[in-house]
Amino acid sequence: QVQLVESGGGTVKPGGSLSLACTASGSFASIHSMGWFRQDLGRERTRELVASITAGANSRYGDSVMGRFSISGDDAKNTVYLHMNSLKIEDTGVYYCKIVASGPTYPRTQFWGRGIEVTVSS
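In this text the structure is predicted, and so the values were computed from the model without any measurement. (Residues numbered from 1 in each chain as written. Predicted model: local features only at pLDDT ≥ 70, side-chain atom pairs only at ≥ 80, totals over all residues. Heavy atoms only, no water.)

Engineer: Would you explain the nonpolar core in this entry?
Structural biologist: Side chains of a nonpolar character, in soluble globular proteins, are inclined to be buried together. Formed by 31 residues in total, the largest nonpolar core has its most connected members in Trp 36, Leu 82, Met 84, Tyr 95 and Ile 99. Once you skip the residues sitting within four places of it in the chain, Ile 99 turns out to touch Val 2, Leu 4, Ala 24, Ile 31, Ser 33, Met 34, Thr 109, Gln 110 and Phe 111. (Core = buried A, V, L, I, M, F, W, Y, C linked by side-chain atoms within 4.5 Å. Buried < 20%, exposed > 50% of the residue type's maximum accessible area, 1.4 Å probe, protein only. Contact = heavy atoms within 4.5 Å.)

This is the structure we're talking about:
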């Protein structure tokens, strides 16, 4: 139905910047929201919200990234971006893209990407 491809992860030093991108493809009529969640590298803790943005461009951020990260979307490309600044060691984790979309044969549904690793290390 919907495939998500994430890109842009890697390793960066504390205080550095990194940007992630997630592009959706497949069969969908509407994308209602797109966002990023993250989980520890061991994938043991619950995923937490990093940032999300609705079709109406309303954005929301997790408390720990407020003021450092920004989310934006490109409707024409079905892509959501996460710009991360002033990165901290505790930002290390697996970042997952999530979209909520509806299509010709399915109602509003969540789709998840496979995740991309971000490591902040000196």
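Engineer: Looking at this structure, I do not really get the packing of aromatic side chains. What am I missing?
Structural biologist: One pair of aromatic rings is described through two measures. These are the centre distance and the angle between the planes. Following the criterion strictly, the structure yields 3 aromatic pairs and no others. Between Phe 37 and Trp 112, the ring centres sit 5.2 Å apart and the planes meet at 65°, which makes this aromatic pair edge-to-face. Of the two residues, Phe 37 sits in strand β4 (residues 30-39) while Trp 112 sits in strand β10 (residues 109-112), which places them 75 residues apart along the sequence. Relative accessible area serves as the criterion here: at 35%, Trp 112 is assigned to the partly exposed category. (Phe/Tyr/Trp six-rings, centres within 6.5 Å; stacked < 30°, edge-to-face > 60°. Helix = DSSP H or I, 4+ residues; strand = E, 2+ residues; numbered from the N terminus.)

Engineer: Quick question: what am I supposed to make of the sheet that holds strand β8 (residues 79-84) here?
Structural biologist: Pairing between sheet strands relies on hydrogen bonds along the backbone, with the strands arranged either parallel or antiparallel. An order of β1-β3-β8-β7 is seen for the 4 strands of this open sheet, with the pairing classed as antiparallel. Of all strands in the sheet, those bounded by a partner on one side alone are β1 (2-7) and β7 (69-74). The sheet shows a mean angle of 15° between the axes of neighbouring strands, taken without regard to direction. By the bridge criterion, 6 bridges tie β7 to β8 in an arrangement that is antiparallel. Along β8, the bridge assignment pairs Phe 69 with Met 84. (Pairing = 2+ DSSP bridges. Axes fitted to C-alpha atoms, helices over the stretch in contact; angles between N-to-C directions.)

Engineer: I'm lost on the state of the cysteines in this one. Help?
Structural biologist: What makes a disulfide is a covalent bond joining the sulfur atoms belonging to two cysteines. Taken as a whole, this structure holds 1 disulfide when the rule is applied. Between the sulfur atoms of Cys 22 and its disulfide partner Cys 97 the distance amounts to 2.1 Å. A torsion of -85° about the S-S bond marks the disulfide between Cys 22 and Cys 97 as left-handed. Of the two residues, Cys 22 sits in strand β3 (residues 18-26) while Cys 97 sits in strand β9 (residues 93-102), which places them 75 residues apart along the sequence. (Disulfide = S-S within 2.5 Å.)

Engineer: Even after reading the chapter, I still don't get the pairing of β10, so can you show me in this structure?
Structural biologist: For a regular strand, side chains alternate in direction, first toward one face of the sheet and then toward the other. Inspection of the sheet shows β9 paired to β10 by 4 bridges, in the antiparallel sense. Residue Val 100 lies in a different strand from β10, and its bridge partner there is Gln 110. Following β9, the chain reverses through 6 residues before pairing antiparallel with β10.

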